[in-house]
Amino acid sequence: MGVSKRKLESKTKNTENSTMLSNVTYKKSNTLITAKGKSTLLGQKLFAIGILMAKELDDGSLEAIIPGTYLRKALGRNNGSFYDQIVALVEPQKNKASLLDWRIIYKDKEEQKIEASNVITDVTFHDGRLTLRYNSKIKKYITGLKNNYTVLNLSESLTFTSIYTYRLYEVLKAEMDYQRAISHSEGPYEVTYELTDLKLMLGIIDPQENADIAKALKKESPDYEKIEKKAEESGINKMSNYTDFRRYALERAKKELNKKSSIHVDYKPVRMGRGGKVVSICFKLSRVGHEKAKEVEDAPKKDIFEQIDEMQQLFSEKITASDAKAILEAAGMDMKKVRYAYGISRKSGRIDNIVGWMISAIKNGYTENVSGASDADFEQNTYDFEELEKRFVEN
DNA sequence: CTGGTACTCACGTGGTAGAG
DNA sequence: CTCTACCACGTGAGTACCAG
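Criteria and thresholds
- Residues numbered from 1 in each chain as written.
- Chains lettered and ligands numbered in written order.
- Predicted model: local features only at pLDDT ≥ 70, side-chain atom pairs only at ≥ 80, totals over all residues.
- Heavy atoms only, no water.
- pLDDT = per-residue confidence, 0-100.
- Helix = DSSP H or I, 4+ residues; strand = E, 2+ residues; numbered from the N terminus.
- Contact = heavy atoms within 4.5 Å.
- Pairing = 2+ DSSP bridges.
- Axes fitted to C-alpha atoms, helices over the stretch in contact; angles between N-to-C directions.
- Salt bridge = Lys/Arg side-chain N within 4 Å of Asp/Glu carboxyl O.
- Buried < 20%, exposed > 50% of the residue type's maximum accessible area, 1.4 Å probe, protein only.
- Core = buried A, V, L, I, M, F, W, Y, C linked by side-chain atoms within 4.5 Å.
- Phe/Tyr/Trp six-rings, centres within 6.5 Å; stacked < 30°, edge-to-face > 60°.
- Polar contact = N/O pair within 3.5 Å; in protein donor to acceptor, adjacent residues only side chain to side chain.
- Parallel < 35°, antiparallel > 145°, perpendicular 65-115°, else oblique.
- Left-handed = near helix turned anticlockwise from the far one by under 90°.

Draft legend 1. Just the confidence of the model for chain A, in detail. Mean pLDDT over chain A stands at 75; residues scoring 70 or higher make up 74%. The secondary structure element of chain A with the lowest average pLDDT is helix 17 (residues 373-376), at 35, and the one with the highest is strand 9 (residues 189-194), at 93. Throughout residues 1-20 the model reports pLDDT below 50, and contacts reaching past four residues in sequence, or to other chains, amount to seven contacts. Below a pLDDT of 50 lies the segment residues 368-395, which in the model reaches 47 contacts outside its immediate sequence neighbourhood of four places, other chains included.

Draft legend 2. Representation of the sheet that holds strand 10 (residues 263-272) within the structure. Strand order across the open sheet formed by three strands is 9-11-10, with antiparallel pairing between neighbours. In this open sheet, the two strands that pair with only one neighbour each are strand 9 and strand 10. Strand-to-strand twist of the sheet, defined as the mean angle between neighbouring strand axes without regard to direction, takes the value 25 degrees. In the sheet, strand 9 pairs with strand 11 (residues 277-287) via six bridges, with the strands oriented antiparallel.

Draft legend 3. Here's a closer look at the pattern of salt bridges. Enumeration according to the criterion identifies 16 salt bridges in this entry. The salt bridge partner of Glu63 is Arg133, with a shortest N-O separation of 2.9 Å. Here Glu63, found in strand 3 (residues 62-67), pairs with Arg133, found in strand 7 (residues 129-134); they are 70 residues apart in sequence, far enough to count as distant. The class of Arg133 is partly exposed, set by a relative accessible area of 26%. Put simply, Arg246, Glu251, Lys254 and Asp266 are held in one network by salt bridges that share partners.

Draft legend 4. Summary view of the sheet that holds strand 3. Pairing in this open sheet of four strands is antiparallel, and the strands run 2-3-7-6 from one edge to the other. Across the chains shown, the open sheet's two edge strands, defined by having one partner strand only, are strand 2 (55-56) and strand 6 (120-126). When strand 2 meets strand 3, the two strands line up antiparallel, connected through two bridges. The partner of Lys55 across the bridge, within strand 3, is Glu63.

Draft legend 5. Fine view of unusual backbone geometry. For His184, which is not a glycine, the phi torsion comes out positive at approximately 55 degrees. Here His184 lies in the loop between helix 7 (163-183) and strand 9. Here Met239, not a glycine, exhibits a phi torsion of approximately 50 degrees, which is positive. Mapped onto the elements, Met239 comes out in the loop between helix 10 (224-233) and helix 11 (242-260).

Draft legend 6. Structural context of the nonpolar core. In this structure, Leu130, Leu198 and Phe283 are the most contacted members of the largest nonpolar core, which totals 74 residues. If sequence neighbours within four positions are ignored, Leu198 has contacts with Leu168, Tyr193, Phe245, Leu250, Ile281 and Phe283. Ranked by size, the runner-up nonpolar core spans 17 residues in total, among them Phe315, Ala324, Ala341 and Val355.

Draft legend 7. Region of interest: the packing of aromatic side chains. Summed over all chains, the structure comprises seven aromatic pairs. Ring plane angle 75 degrees and centroid distance 5.5 Å describe the contact between Phe47 and Tyr134, whose orientation is recorded as edge-to-face. Taken together, the residues span a long stretch of sequence, with Phe47 in helix 3 (residues 41-53) and Tyr134 in strand 7 at a distance of 87 residues. Just as Phe47 is buried, Tyr134 falls in that class too. Ring centres of Phe160 and Tyr169 lie 5.3 Å apart, and the angle between their planes is 65 degrees; this geometry places the pair in the edge-to-face category.

Draft legend 8. Region of interest: the environment of Ser261. Turning to its location among the elements, Ser261 is positioned in the loop between helix 11 and strand 10. By relative accessible area, which is 8% here, Ser261 ends up buried. Sequence spacing of Ser261 and Val171 is 90 residues, and the spatial spacing of their C-alpha atoms is 13 Å. Here Ser261 is in contact with Glu156, Phe160, Tyr169, Glu256 and Val288, once residues within four sequence places are set aside. Only 2.8 Å separates the side chain of Ser261 from the backbone oxygen of Leu257, close enough to count as a polar contact. A polar contact is formed between the side chain of Ser261 and the backbone nitrogen of Ile263, at a distance of 3.0 Å.

Draft legend 9. Geometry of the packing of helix 7 against helix 8 (residues 195-202). Two elements in contact, helix 7 and helix 8, have axes separated by 9 Å at closest approach and are oriented at 115 degrees. Judged by the inter-axis angle, helix 7 sits roughly perpendicular to helix 8. For the element pair helix 7 and helix 8, the recorded crossing hand is right-handed. In this structure, helix 7 contributes Tyr164, Arg167, Leu168 and Val171 to the contact, and helix 8 contributes Leu198, Met201 and Leu202.

Draft legend 10. Expanded view of the side chain of Asn210. Inspection of the secondary structure puts Asn210 in the loop between helix 8 and helix 9 (211-217). The exposure class of Asn210 is buried, given its relative accessible area of 11%. Of the polar contacts made by the side chain of Asn210, one reaches the backbone nitrogen of Asp212; its length is 2.7 Å. A polar contact of 3.1 Å, which involves the side chain of Asn210, links it to the side chain of Ser234. Not counting the four nearest positions on each side in its chain, Asn210 is found in contact with Lys230, Ser234 and Ile236.

Structure representation (structure tokens):
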């Protein structure tokens with residue numbers, strides 16, 4: 001009896017968490033999304049949370065400090081080996097992947113070269129706070145994104161239980177948004193990925209484990225057949241059996257995406273040659289509930305309840321949650337604007353109606369010129385046309 | 001292609017102790 | 001009392017492989 005009650009409690013707690021985080025989105029450059037490399041599910045989730053929290057330091061580097069309580073809430077864990085897991089990711093151990101080991105190979109479109117970098121250069125975990133320092137090389141793919149990025153829903157992606165669901169979600173969402181941008185159609189869309197390419201993107205084949213593969217990937221148009229062969233030779237071609245790949249990666253990801261995400265996925269293998277060997281996978285994608293998905297895309301980055309809390313603490317006047325929400329909305333969910341306007345209100349003599357004053361102050365532009373990531377929230381997800389053309393030529 | 005087995009290791013769960 | 005931190009144990013994810 002006691003046990004089932006406890007279970008019930010934890011269940012309600014979980015749903016509470018998911019609604020609290022229901023409107024949180026993060027942006028990731030498409031370059032990073034299609035980058036090849038292996039990482040753990042927890043690592044990916046931490047990275048995404050880190051993007052939300054990332055701040056630029058004086059020396060230009062990018063750092064995210066994530067409080068333990070936030071991590072717990074975001075990851076829906078309240079106790080247990082939670083710290084162990086974080087610590088395990090932070091402290092490199094023999095044969096174990098840490099966040100620091102997360103290395104990716106990606107194409108830098110502006111500079112026309114292919115790079116291999118560690119994503120995170122520094123991780124510490126002290127006093128319950130996780131600090132991530134991002135590689136300065138990939139900084140431009142995380143903050144101040146102007147084009148060629150994808151808005152991803154953190155609350156969706158945090159619920160995924162498979163790393164393949166997570167990776168595929170990002171890849172397919174990016175592709176879907178891209179196709180929507182160029183075709184102005186509401187779908188369904190189709191994409192075909194070369195099987196080996198897909199495995200690389202999902203981290204099933206890790207280029208870090210084999211120098212030849214890493215080298216082959218750095219070519220302008222990688223020879224996937226060769227990569228597959230190399231992977232086979234060196235024994236790092238996991239799930240070389242297509243049926244296993246389908247069962248444990250594709251099928252699982254498909255089920256989870258269809259159940260939990262705003263993407264509806266279906267796929268079919270493309271076979272070639274005498275043996276009918278599967279050479280690529282053709283995905284069919286459609287959006288679930290356009291209006292809803294749109295809402296999510298325009299949604300705030302930070303947990304709204306947290307922001308309301310923060311505001312209620314900030315204001316010396318008593319304000320209700322709905323007042324706070326109204327102000328937040330006027331500020332486009334930007335806490336910085338709220339703080340700045342509030343700061344002005346302190347110097348503006350008597351104000352009878354602080355809520356109304358705040359809203360009109362914000363609307364009249366009494367706001368700090370907020371730079372960087374938060375500004376970019378209101379920009380359109382545009383693509384540059386040179387890039388588009390190039391992709392057309394490729395295909 | 002499906003079912004089933006086997007194995008490893010990461011993760012989930014819950015208890016607990018100490019610091020603030 | 002809350003939060004950090006550590007421990008033990010069971011479970012689930014990830015992978016390979018074989019039989020029907």
